[in-house]
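# Results of the structural survey
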Amino acid sequence: MIYCGSMAMELSDANLQTLTEYLKKTLDPDPAIRRPAEKFLESVEGNQNYPLLLLTLLEKSQDNVIKVCASVTFKNYIKRNWRIVEDEPNKICEADRVAIKANIVHLMLSSPEQIQKQLSDAISIIGREDFPQKWPDLLTEMVNRFQSGDFHVINGVLRTAHSLFKRYRHEFKSNELWTEIKLVLDAFALPLTNLFKATIELCSTHANDASALRILFSSLILISKLFYSLNFQDLPEFFEDNMETWMNNFHTLLTLDNKLLQTDDEEEAGLLELLKSQICDNAALYAQKYDEEFQLYLPRFVTAIWNLLVTTGQEVKYDLLVSNAIQFLASVCERPHYKNLFEDQNTLTSICEKVIVPNMEFRAADEEAFEDNSEEYIRRDLEGSDIDTRRRAACDLVRGLCKFFEGPVTGIFSGYVNSMLQEYAKNPSVNWKHKDAAIYLVTSLASKAQTQKHGITQANELVNLTEFFVNHILPDLKSANVNEFPVLKADGIKYIMIFRNQVPKEHLLVSIPLLINHLQAESIVVHTYAAHALERLFTMRGPNNATLFTAAEIAPFVEILLTNLFKALTLPGSSENEYIMKAIMRSFSLLQEAIIPYIPTLISQLTQKLLAVSKNPSKPHFNHYMFEAICLSIRITCKANPAAVVNFEEALFLVFTEILQNDVQEFIPYVFQVMSLLLETHKNDIPSSYMALFPHLLQPVLWERTGNIPALVRLLQAFLERGSNTIASAAADKIPGLLGVFQKLIASKANDHQGFYLLNSIIEHMPPESVDQYRKQIFILLFQRLQNSKTTKFIKSFLVFINLYCIKYGALALQEIFDGIQPKMFGMVLEKIIIPEIQKVSGNVEKKICAVGITKLLTECPPMMDTEYTKLWTPLLQSLIGLFELPEDDTIPDEEHFIDIEDTPGYQTAFSQLAFAGKKEHDPVGQMVNNPKIHLAQSLHKLSTACPGRVPSMVSTSLNAEALQYLQGYLQAASVTLL
C-alpha cells in the first residue's frame, strides 16, 4: 500500500537550519539535551522529505561534523524504515524512495570517505530490499563509473559492491539467489577482471609513488573481497575460464614486497597484510570447494604461503595474515587429496616447530589485552570470536593434522609440552608463559570436537586429561593467593570448563570451592572465568537428565557462593558482567529453596542493580539474566509461601514505576513479564495497585512496539484470570479498549495468535453479561479477517476460539450467533472450516478444547438433529474421530512459511521471553473432562436416550468403517451403548 506517514516538510532553508540545530544537540553528552533532540527527530522522521533534508545537509552543510552526523542519521533512518513490513504502514513515501535511489549513488561517490562509508551502507540496505527488481539500473550505474579512472570514485563503487554482495557468503541456496548472482556476474565479472588487471599494471607503473600505491592497494583489497563473494556459492563459469589471470596475479601479489607499503605501526595491519590475508582466504575457498579445478595451482600457493609463515614476524599487525595463512594450511591438510604434501615426518616436525609452537606463544600484546582490554580478550577466548587470532588458527591446524597424523603429531608435541613444563618448574615467576603455552598445546591436541553447550565432546585418546588436571591444573587453583599468575589461573579455570565432561565428577566437586574463591580475584578475566565455569558446571546433566550436581552437594557453599557472586559485581570493570549475572541466575535455579533465607538481601541487591542499569541499559545479556534472577527469586519464595508476593511487590514496584514513566524501552517487556508472574501468584482478587495500572496498559503507543506485545498480552491475561469481576464492575468502561487491542492484533498476520490469546481469556473469564453487547461485533471482525487473508495460523486459532466459545456459552449459542450474522452461516462454518481444517489444530490443550466443543455441537445442539444441518452431523463426527486418531496435519502453504518470523527492521527491542517467568499451561476445560474420547461416548449415549434409534442409524449408514471401529472402542471403554 502506498501510504506516507503524514504531512510533507518543505525543503526550505528554515527546515535545514532547524534540523542542523537538533542534529547538533544529539551529539551533546548531557542526556537532558540529547534525549529530547532524539525524540524530536524520531517524531518527524515519518514526514515526507525528511530523508531528502538529511541528504541535502550532508551534501551542502558547511560544518563537517553536521555532515557526518547527517550521514549517520540517514543510514540509521534507512535501516529502521526502508523495509516494507506486511500489515504495517509504509514508513517512507514512494516519492522519497524514488528520489533517494535516483541521487544516492552519485552523492556517495562525490562525498569524502567518512560519509561515503555511511552512504555505501545505506545503499546496501536499500539494495538488500530493492535490488534487482525495484532497482534495476543500480549495477549499470556502478559499472559505468569504473571508466572514470578516478580511484576515489572506483573505490566507492567497489566498497558499495562489497557491502551489497557479501551476503552471498551466507545466504541459503535458492533459485532467486542464483538468478540474482547470475545477473550480477553477467554485468560485473568482466569489468571487475579488467579493472583487476589494469590496477595491477598501474601498481608497477607507480611502484615508486607511495600515495598512489596506497589507493591502488585499497582497490586490490576490495577486488579480492568481491572475488570471494562472487565465487562463494559455486564456481562461476566466467571465473573458471579466467582462473589463470586471477590465480597468477594472486600468486604474484602474495610474494610481492614493496618497502613503500610497509608500515611502522606494530598494531595496525597495513594494506599489504590485508591484501595477502584476503588472498589466503580466496585460495582456501578454492582449495576447499573447487579442489579439482584448483589442483594445478595448489602446490604453488602452499609453497608461497609456507614461506610467508616462516618469514613473518610476531607483531600484532600480522595477526590476520598469519591466522588466514595457517587456516589455509589447515583446510588443505585435512583433504585426502593433499595428504601426500604433509606425510613426511620432517615436514610435520617443521610445521610444528616453525608454525604451530611460535604462534601459540602468549605475547606481550596478549598480556596487555588480558589486563587492559579484558572484555575483548574474554570475547575472543571464550566465545570463539577469536577466529582471526594466531592461537585459534594454530589450534585448528593441530586438529587438521591430527585427522591423518594423530600419532606422529601427538608424539612431536608431547616432547614440547614436557620441556615447557620443565622450564616453568625451574623458575615459575619468570617462565610462567612456558606453562601457559603447554596448557594451550594440551588443550588443542586433546579436543577433537567441541560445543558451547557441552564443552569437549570427543577427545584424543593419547592424552591423559585427568592426570594433567591433577598434576598441573589443581595446584595453581589451590594456591592461597588468588591474584598470583592471573594468566595461569585463567588457563586452569578454562581447562575445567573445556574438559568438564572428561574430568571425573569427584575432581569437579573439589574444584567448586576453588572456583568460588576465584570470584574474588582482582583480574577481570579470572573472576569472569570463575563465574562462567560455575555456571557451566551447574548446567551439566547427570544420569536421568537431572543436574549432575545436586542442591545438597552445593549446600555447604551456598552462603559463600552467593556472597562472592554479588561481591564480584562490585569489582572494578565488572559492574555489568553478564557471566557473573548468568552464574547468579544458574545458582538460584540449582539451589532452589536453599536460597530462601538469603532472599531479602538478594532481592534488595538485584533491585539496586536494576535501578542503576535502567538509567542507561547497555548490556542486553546482563539485563536479561538479571530479570531471570528476579523471576527465580519470586518463583522459589512464593512456591513455599505465596503470601510473600507482597514483599516482592514492595521491593520492585518503585523501580518498575520509574522504568515505565521514563519509557525505558529495553526493559518494558521484562517489567510486564515479572508483573504477570507476581499477579498470577495472587490467588483471589487483584490488588488495587495493579488496577491503577490497568487503563495505562491499553494505551495504543505501548502496542506500537512489537517487542511489548507478547508480554502485554500475558499481563492482560493475568488481569482477566485474577480480576475479571473487578474489571466488569469497576472498569467496565475499559472493555471497549480491551477489545480495541484485540482488533489491532487480529489484523496483523504476525500477531493474530496474540489477539486470540486475549480473546480466549475474555471469553473464559469475563462475566457473560459484561461482553454480551460486543459478541456479535467480535465474530464479524473475525469473519472479515478470514475473508481478507486466511492463513493456517489464523484458522488454527479461530477453531480453538469457536470451540472454547461453544464450551463456555453452549452449542446453541454458537449456532445462533453465526446464523444471526447471516442465515445458514453456521452450516458454512461447519462445512468450510471446522470439518476440513480441524486436523490442523496442534497442542494437547488446544485439541482437547476442540474435541469437547465439537462433542457439544454433535450432542447438545438441536438444529444439528432436525434441520438442513443434519447432513453435516456424520461428517463432523468423522472429523472429530480423525482429530483423535489421525496424525496432525502440519502442512503449511508455501507462501505462508515466513509469516511467523518476527524480524522487525532496524533496532527495535525485540521481545525476549524470560524462561523463569514462564506461564503454566492452562487448560480451560480442566477437570470437567478428563478423557475427551470417553466424554464423546457418554455424550452420544445421552443423546441417543433422548431420541432412540436415530444415532445408531446415522452412525452406521455414513461413518466410514475405520472411524466406526474407533467409535466402538470409545463406547466400550466408557461402558455405554447407543440406543
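Just so you know, these numbers come straight off a predicted model, no measurement behind them.

Here the focus is a negative patch on the surface. Residues Asp264, Asp265, Glu266, Glu267, Glu268, Glu368, Glu371 and Asp372 make up a contiguous surface patch of negative charge. When you line up the elements, Asp264 lands in the loop between α12 (243–255) and α13 (271–289).

What follows deals with the environment of Ile493. Within the fold, Ile493 resides in helix α23 (residues 486–498). Considered as a pair, Ile493 and His527 are 34 residues apart in the sequence and their alpha carbons are 9.7 Å apart. For Ile493, the residues in contact, after removing those within four places along its chain, are Leu477, Leu515, His518, Val526, Tyr529, Ala530 and Ala533.

Looking now at the nonpolar core. In this structure, Phe188, Phe328, Phe627 and Trp873 are the most contacted members of the largest nonpolar core, which totals 347 residues. Considering each element in turn, this core owes the most residues, 15 residues, to helix α20 (residues 390–426). When neighbours within four sequence positions are excluded, Phe627 is seen to be in contact with Leu610, Phe656, Phe667, Tyr670, Val671, Val674 and Leu914.

With 23 residues, helix α10 (residues 210–232) extends 33 Å between its outermost C-alpha atoms, agreeing within 8% with the 33 Å of an ideal straight helix rising 1.5 Å per residue. In terms of burial, α10 is a largely internal element, 17 of the 23 residues being buried.

Right, let's talk about helix α18 (residues 364–372) for a bit. Listed in full, the buried residues belonging to α18 are Asp366, Ala369 and Phe370. For α18, the angular spread of the buried residues around the axis is 100 degrees, confining them to a single face. Seen from the buried face of α18, the exposed residues on the opposite side, beyond 90 degrees, are Ala364, Glu371 and Asp372. The elements touched by buried residues of α18 are α19 (374–382), α23 and α25 (524–539).

According to UniProt, the positions carrying the feature "domain: Importin N-terminal" (unreviewed entry) are residues 37–110. As a span, residues 37–110 carries 73% helix and 0% strand, and end to end its C-alpha atoms are 29 Å apart.

Here helix α45 (residues 873–885) crosses helix α47 (residues 950–958) at 70 degrees, and the two axes come no closer than 10 Å. By the angle between their directions, the pair α45 and α47 is classed as roughly perpendicular. Side by side, α45 and α47 meet where Trp873, Thr874, Leu877 and Gln878 of the first sit next to Val951, Met954, Val955 and Ser958 of the second. Its residues assigned to classes, the contact of α45 with α47 comprises five nonpolar, three polar and no charged.

This paragraph deals with empty space enclosed by the protein. Under the criterion given, the structure shown has two cavities of 30 Å³ or more. What the largest cavity holds in volume is close to 80 Å³. Around the largest cavity, the lining residues are Asp436, Ile439, Tyr440, Thr443, Asp491, Lys494, Tyr495 and Ile498. Only α21 (428–446) and α23 provide two or more residues apiece to the lining of the largest cavity. Of the residues belonging to the lining of the largest cavity, the class tally is four nonpolar, one polar and three charged. Considering only enclosed or pocket space, the second largest cavity measures out at about 30 Å³ in volume. What lines the second largest cavity is Asn81, Arg83, Ile84, Val85, Glu88, Pro89 and Lys91. Of the residues in the lining of the second largest cavity, the class split is three nonpolar, one polar and three charged.

To continue, consider the confidence of the model for the chain. On average, residues of the chain score 91 in pLDDT, and 96% of them are at 70 or above. Considering only residues more than four positions removed or in separate chains, one finds that residues 1–5, a stretch of pLDDT under 50, has 13 contacts. This model gives residues 897–909 a pLDDT under 50, and the stretch forms 23 contacts once residues within four places in sequence are excluded.

What follows deals with unusual backbone geometry. For the bond running from Phe131 to Pro132, omega is -5 degrees, close enough to zero to count as cis. Position of Pro132 relative to the elements: it lies in the loop between α6 (113–130) and α7 (138–144). At Asn544, a residue that is not glycine, the phi angle is positive and equals roughly 40 degrees. Its location among the elements puts Asn544 in the loop between α25 and α26 (551–554).

Okay, the pattern of salt bridges next. Going through the model one piece at a time under the given rule, you end up with 40 salt bridges. In this structure, Arg335 and Asp291 form a salt bridge, with 3.2 Å as the shortest nitrogen-oxygen distance. Of this pair, Arg335 sits in the loop between α16 (319–333) and α17 (345–360) while Asp291 is found in helix α14 (residues 291–294), placing the two residues 44 residues apart along the sequence. Overall, the relative accessible area of 25% leaves Arg335 in the partly exposed class. Close ionic contact of Lys426 with Glu423 constitutes a salt bridge, the shortest N to O distance being 3.0 Å. Of this pair, Lys426 and Glu423 both sit in helix α20, three residues apart, which is roughly one turn of the helix. With a relative accessible area of 30%, Glu423 lands in the partly exposed category.

Turning our eyes to something else, we now look at the state of the cysteines. Each disulfide is one covalent bond, formed between the sulfur atoms of two cysteines. In the structure shown here, the tally under the stated rule is zero disulfides. Sulfur of Cys402: no disulfide; nearest cysteine sulfur belongs to Cys352 and is 8.7 Å away. Judged by its relative accessible area of 12%, Cys402 falls in the buried class. Note on Cys947: no disulfide assigned, nearest cysteine sulfur contributed by Cys861 at a separation of 13 Å.

Here we take up the packing of aromatic side chains. Inspection of every chain in the model, using the stated rule, returns 46 aromatic pairs. A centroid spacing of 6.4 Å and a plane angle of 75 degrees characterise the contact between Tyr690 and Phe719, whose relative ring orientation is edge-to-face. Taken as a pair, Tyr690 in helix α33 (residues 688–693) and Phe719 in helix α35 (residues 709–730) lie far apart in primary sequence, 29 residues in all. With respect to class, Tyr690 is no different from Phe719; both count as buried. Between Phe756 and Phe801, the aromatic rings sit 6.4 Å apart at their centres with planes inclined by 45 degrees, giving tilted as the arrangement. Placement of Phe756 in helix α37 (residues 752–765) and of Phe801 in helix α40 (residues 792–809) is noted, with a sequence separation of 45 residues between them.

Let us now look at the environment of Ile498. Within the element layout of this structure, Ile498 appears in helix α23. When the C-alpha positions of Ile498 and Ala533 are compared, they lie 9.0 Å apart, and in sequence the two are 35 residues distant.

Further remarks concern the packing of helix α43 (residues 844–859) against helix α46 (residues 932–946). Two numbers describe how α43 lies on α46: the axes approach to 10 Å, and their chain directions differ by 5 degrees. When the axes of α43 and α46 are compared, the pair comes out roughly parallel. When α43 is examined against α46, the residues Lys848, Ala851, Val852, Thr855, Leu858 and Thr859 are found in contact with a partner set consisting of Pro932, His935, Leu936, Ser939, Leu940 and Leu943.

What counts, and where the lines are drawn
Numbers given to residues run from 1 along each chain, matching the order in which its sequence is written. Only residues with pLDDT of at least 70 get local features here, since the model is predicted, and only at 80 or more are side-chain atom pairs given and counted; chain-wide, interface and lining totals rely on the full set of residues. In computing side-chain properties, one takes all heavy atoms of the structure into account and sets aside hydrogens as well as water. Only residues whose relative accessible area exceeds 30% and that form no salt bridge enter a patch; like-charged residues are grouped when within 9 Å of one another, and nonpolar side chains (Val, Leu, Ile, Met, Phe, Trp, Tyr) when within 5 Å. Values of accessible area rely on a 1.4 Å probe in the Shrake-Rupley scheme; residue burial ignores everything except the protein chains shown. Salt bridges are defined by distance alone: a side-chain nitrogen of Lys or Arg within 4 Å of a carboxyl oxygen of Asp or Glu. For the purpose of counting charges, residues Lys and Arg are taken to be positive, whereas Asp and Glu are taken to be negative. His and the chain ends are not included. Charged side chains are reduced to one point each, which is NZ for Lys, CZ for Arg, CG for Asp and CD for Glu. Helix and strand definitions follow DSSP, with helices as H or I runs of at least four residues and strands as E runs of at least two, each counted in order from the N terminus. We call two residues in contact whenever any of their non-hydrogen atoms come within 4.5 Å of each other. In this text, buried Ala, Val, Leu, Ile, Met, Phe, Trp, Tyr and Cys residues form a nonpolar core when linked through side-chain atoms within 4.5 Å. Exposure is judged per residue with a 1.4 Å probe applied to protein chains only, and the accessible area is read against the type maximum: over 50% gives exposed, under 20% gives buried, and values in between give partly exposed. Multiplying one less than the number of residues by 1.5 Å gives the expected span of a helix. Think of it as the arc spanned by the lines of direction from the helix axis to the C-beta atoms. UniProt positions are given in the numbering used here, feature names are shortened, and annotations may be inferred rather than shown by experiment. Angles run from 0 to 180 degrees between N-to-C directions of axes, and those axes are lines fitted to C-alpha atoms, restricted for helices to the stretch in contact. Oblique is the label for any angle not under 35 degrees, not over 145, and not in the 65 to 115 range, which are roughly parallel, roughly antiparallel and roughly perpendicular in turn. Lys, Arg, Asp and Glu make up the charged group, whereas Ala, Val, Leu, Ile, Met, Phe, Trp, Tyr, Cys and Pro make up the nonpolar group; the residues left over, Gly among them, are polar. Here a cavity denotes grid points, spaced 1 Å and computed from the protein atoms alone, that fit a 1.4 Å probe unable to get out, and a pocket denotes an open set having protein on both sides within 12 Å along at least 5 of 7 lines; residues with an atom within 4 Å of a point are the lining. Grid points are joined across faces, edges and corners, and a volume is the space filled by probe spheres set on the points. Note on scores: pLDDT gives the predictor's confidence for each residue, bounded by 0 and 100. Our working definition of a disulfide is a cysteine sulfur pair at a distance within 2.5 Å. Aromatic contacts are taken between Phe, Tyr and Trp rings whose centres are within 6.5 Å, Trp giving its six-membered ring; a plane angle under 30 degrees counts as stacked, one over 60 as edge-to-face, and the others as tilted.

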